[in-house]
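One letter stands for each residue in the lines below.
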Amino acid sequence: MKNKCCKIGLVMKSLQADFFKVMQKGAEEYVAESKECELLSVGTNTQTEVDLQVSLVERLIDEGVDAIVVVPIDSKALVAPVVKAVRAGIKVVNIDIRLDEDMLRAESVSVDFVGPDNFAASYEAGCRLASSLSSGDLVVMVEGLSVADNARQRKAGFDRAIAESGLECVASLPADWETAKAESVFRDMYLAHPDIKAVFCCNDAMALGVIDVLKEAGCKGGDIKVAGFDNDEVMRPLIDEGWLFVTVDAYGSQMAVEGIRHAMTLLGEDRCSLGDKSTPFTVVQ
């Protein structure tokens, strides 16, 4: 395998989202510079097109790629095509959002994971936000897509920070990672709970929707503190202006690169597994 140019498929989600635009750019720049493999990068248009993502994985299998690096929209729905790929002799590396480990185990398939500890990252960010509040303050949470493992982990991390700080979470609902849906979900929350002191958002795209609602309501930056996750470039001025209190940089531009490197090592050494690899994160204020 070392003497042939490997073909690697990168399967992402929502290429309209800043985080995945950055991820795709980082991967393509790395491959162009390293010249170690041919990269086929594909993705969906939104955060919820599960069937399309399944078909993208199956298309790469049919095209005979040597490896697939995948960010699953749905941690369970993507197990079947991944198992199909592994049984076809294709190396698979799971990045960013974990596939369902119980389902993989039931199929006797092992897939290495490369990505951040979403629970630890959201817990640390949540603690930073909670430290600026007082015990008993009312807060709400805008969750990610419930079928995604990282959404569950980020919610759990925020939940722990909220509980340990004595805050009262009066509402917690999913907005499926999308800005427009977060606007709608949070608008109803804010109408029902105008006395909230903070909003915990499981990604920056949803935090942007929350901030838009707060601006419409006549709030000033910092009146109601907002936490996000991803450190999208569009959010950086909002930190300076006080609208976004804290976010998490999970280094999306390098996550796919690490997945590709992991896949290249598996191919070069003809190994079934190298084990999981944790990637860094930084809490940004």
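The rules behind each value
Residues numbered from 1 in each chain as written. Predicted model: local features only at pLDDT ≥ 70, side-chain atom pairs only at ≥ 80, totals over all residues. Heavy atoms only, no water. Helix = DSSP H or I, 4+ residues; strand = E, 2+ residues; numbered from the N terminus. Contact = heavy atoms within 4.5 Å. Axes fitted to C-alpha atoms, helices over the stretch in contact; angles between N-to-C directions. Parallel < 35°, antiparallel > 145°, perpendicular 65-115°, else oblique. Left-handed = near helix turned anticlockwise from the far one by under 90°. Nonpolar A, V, L, I, M, F, W, Y, C, P; charged D, E, K, R; others polar. Pairing = 2+ DSSP bridges. Polar contact = N/O pair within 3.5 Å; in protein donor to acceptor, adjacent residues only side chain to side chain. Expected span 1.5 Å × (residues − 1). Buried < 20%, exposed > 50% of the residue type's maximum accessible area, 1.4 Å probe, protein only. Arc of directions from axis to C-beta.

**Focus: the environment of Pro174**
Okay, so step 1: Mapping Pro174 onto the fold places it in strand β7 (residues 168-174).
Okay, so step 2: It is 40 Å that separates the C-alpha atoms of Pro174 and Ser34, two residues lying 140 residues apart in sequence.
Okay, so step 3: Among all residues touching Pro174, those that are not within four sequence positions of it are Glu143, Gly144, Lys181 and Val185.

**So, the packing of helix α1 (residues 18-34) against helix α10 (residues 252-269)**
Packed helices, taken two at a time, are described by the angle their axes make and the gap between the axes.
Okay, so step 1: At their nearest, the axes of α1 and α10 sit 7 Å apart, and the two run at 45° to each other. The orientation of α1 relative to α10 falls into the category oblique. You can see that α1 and α10 cross each other, and the crossing is right-handed. Contacts between α1 and α10 involve Phe19, Val22, Met23, Gly26, Ala27, Tyr30 and Val31 from the first element and Gly252, Ser253, Met255, Ala256, Val257, Ile260 and Arg261 from the second.
Okay, so step 2: Its residues placed into classes, the contact of α1 with α10 shows ten nonpolar, three polar and one charged.

**Thoughts on the sheet that holds strand β3 (residues 67-70)**
Okay, so step 1: One open sheet holds the six strands; their spatial order is β2-β1-β3-β4-β5-β11, and the pairing between them is parallel. Only two strands of the sheet have a single neighbouring strand rather than two, namely β2 (37-42) and β11 (277-278).
Okay, so step 2: Pairing of strand β5 (residues 112-115) with β11 involves two bridges; the strand directions are parallel. In the strand pairing of β11, Val114 is matched with Lys277.

**Here's the deal with the side chain of Arg154**
Okay, so step 1: Note on placement: Arg154 falls in helix α6 (residues 149-164).
Okay, so step 2: A distance of 2.8 Å separates a polar atom in the side chain of Arg154 from a polar atom in the side chain of Asn118.
Okay, so step 3: The contacts of Arg154, once residues within four sequence positions are left out, are Asp96, Asn118, Ser122, Trp177, Cys202, Asn203, Phe229 and Asp230.

**A word on α1**
Okay, so step 1: When the terminal C-alpha atoms of α1 are compared, their 24 Å separation across 17 residues agrees well with the 24 Å that a helix rising 1.5 Å per residue should span.
Okay, so step 2: Taken together, the buried positions of α1 are occupied by Phe19, Phe20, Met23, Gln24, Gly26, Ala27, Tyr30 and Val31. Angular distribution of buried residues about the axis of α1 spans 160°; they occupy a single face of the element. Of the exposed residues in α1, the ones pointing more than 90 degrees away from its buried face are Lys25 and Glu33.
Okay, so step 3: Where the residues of α1 are buried, they touch β1 (6-11), β2, β4 (91-95) and α10.
Okay, so step 4: Phi turns positive one or two residues past the end of α1, at Lys35, with a value near 55°.

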